[in-house]
Amino acid sequence: MKKILDYDEMKELLDSLDNNIIKKEEPIGFSNFGYPIDHYTYGNGEYHMIITSGTHSSELITNIFVIRFMEKLSLKEIYIDPNKYTIHFIPFVNPEGTIIVTKAIRSLIGKNISWDAEQTYCLTFYRNCRIEGIYSNSLENHDVKLEQWMFRRATPDILGEEHKDLKMSLKKLYEDNDLPIGSMINWSSNGRGVDLNSNLESSTFIDRIEKGEAIYSKLHLGNIRRDKLGPLGCPYYEKKGDIEPENKALYNFYESIKNNHKLIGSLIYHSCGDIIMYNDDLTFKNPWQEDFDSKDTFKNKIVAEKYASITGYKLDKSEIYTTVDAKLKTLYPVSLLIELGSVTGTPLSQFLDLDIPGSGVGFKNVYTNIIEKNSKAILEVLPLMADIYEVNYE
Ligand SMILES: [Zn+2]
């Protein structure tokens, strides 16, 4: 079965789900160019949990994992007690970015290609990213990257008239900021080039940009500057403190669930690394937002350990406060950030689903492992989150 889905295909799949099981709600907000930040719910129980994906749009596996999880619920392949839990799904935190990156994919990889052709593209992409990772250690790293060169036909012009405003914005970004050819395949930001996860009021990273430092991304992304509006990393549009509408919507949404219901936690999906990042009492120190309530964040550890026992993912509590997700984790215990898949190179390497004899564990059936292990982990951590809530917050 073909693994990659573009934005339109994901929307079609969501529309096809049983609406008695997965209910489409009003969007939690809209992006700069008017795209909805979709919201779906499962169940009517008293314990509310939030699941988000696609903050970084190049991490396409996160959108697809969450949507496949919703599909499993819809098809009754898995079961969560709908009278006990209400699960909120935000499958596209960054719809503009998801449109950009999936249009870039479709500039080379057609909708109707075979499974093995799709796997070959993913493998080539993966290998090209690895090669660029090797080169970056020793050579000048700001030249065009092999994985970008694969997608050199992906220019803003591939966006159709239905995306007119988004297309104009993207064109301007490429012209004004001299963005690398083919870098639409690396797109993680929203449609005006702001990285939603870096879009904080203040951080050490923002301080460096304010000082005029040229900051390049690492490894195979080494020709992308994070201090300029573009594919990834740039924290604000005009001035420090400007918060993008996608993030405003997310903050409002979390706040309204917390204030009106029993919010037992949230799972925030990124890729890649096979890592579960949590805040605990030992590391909690937030230099930017002194009014954060830190007293309960250590409960994250118990849930993170449970999640890790099922997925085999590594735990990581070292957190620097330069991301919106770190802020969410401090505001809303129990919240975990989960990095799906150990293979480098978003958006395509995580769709590899090969079992090549002699390959390392992390490389075998990457896609299937992501979907199956994380689906199981969600089912297992839910009751634990509810218990923690009852013991600590009631
Ligand atoms: Zn990410």
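What you are looking at is a predicted structure, and each value in this text was computed from that prediction instead of being measured.

Novice: Pulling in residues and values, what's your account of the overall build of the protein chain?
Specialist: Looking only at helices and strands, one finds eleven helices and eight strands in the protein chain. Here the protein chain has a C-alpha radius of gyration of 20 Å; the compact-globule value for 394 residues is 21 Å, and the two agree. Seen along its three principal axes, the alpha-carbon backbone of the protein chain occupies a region of about 55 × 50 × 45 Å. Here the protein chain holds 394 residues, and 48% of them are scored as buried. Excluding contacts between residues fewer than 6 apart, the proportion of contacts in the protein chain whose partners are at least 24 apart in sequence is 79%.

Novice: Pulling in residues and values, what's your account of the pairing of strand S5 (residues 262-270)?
Specialist: Across the nine residues that make up S5, a large majority, eight, are buried. Here seven bridges tie strand S3 (residues 47-53) to S5, and the two strands are oriented parallel to one another. Its bridge partner lying in S5, Ile 51 is registered against Leu 267. With five bridges joining them, S5 and strand S8 (residues 335-339) adopt parallel strand pairing. Across the sheet, Ile 268 pairs through a bridge with Leu 337, a residue of S8.

Novice: So what's going on with the nonpolar core? Residues and values would help.
Specialist: Ranked by internal contacts, the top residues of the largest apolar core, which has 94 residues, are Met 49, Phe 65, Ala 104, Leu 336 and Met 385. A per-element tally of this core places helix H11 (residues 366-393) first, with eleven residues. A domain split of this core shows at least three residues from each of domain 1 (7-96 + 244-393) and domain 2 (109-221). Met 385 has contacts with Met 49, Ile 264, Gly 265, Val 303 and Val 334, leaving out every residue within four places of it along the chain.

Novice: Break down the domain arrangement of the protein chain for me, with residues and values.
Specialist: In terms of domains, the protein chain is made up of domain 1 (7-96 + 244-393) and domain 2 (109-221). Of note, the centres of domain 1 and domain 2, computed from C-alpha atoms alone, are 24 Å apart. If you look at the interface, domain 1 gives 30 residues, while domain 2 gives 32 residues. Elements with a minimum of two residues in the side of domain 1 that touches domain 2: helix H8 (245-260) and helix H10 (324-331). Here the side of domain 1 that touches domain 2 gets three residues from one element, more than from any other, and that element is H10. Residue composition of the side of domain 1 that touches domain 2, grouped by class: eleven nonpolar, 13 polar and six charged.

Analysis parameters
Residues numbered from 1 in each chain as written. Predicted model: local features only at pLDDT ≥ 70, side-chain atom pairs only at ≥ 80, totals over all residues. Helix = DSSP H or I, 4+ residues; strand = E, 2+ residues; numbered from the N terminus. Rg over C-alpha atoms; globule rule 2.2 N^0.38 Å. Buried ≥ 20, exposed ≤ 12 C-beta atoms within 10 Å, placed from the backbone. Contact = placed C-beta atoms within 7 Å. Pairing = 2+ DSSP bridges. Core = buried A, V, L, I, M, F, W, Y, C linked by C-beta atoms within 7 Å. Domains from an automatic or database assignment. Nonpolar A, V, L, I, M, F, W, Y, C, P; charged D, E, K, R; others polar.

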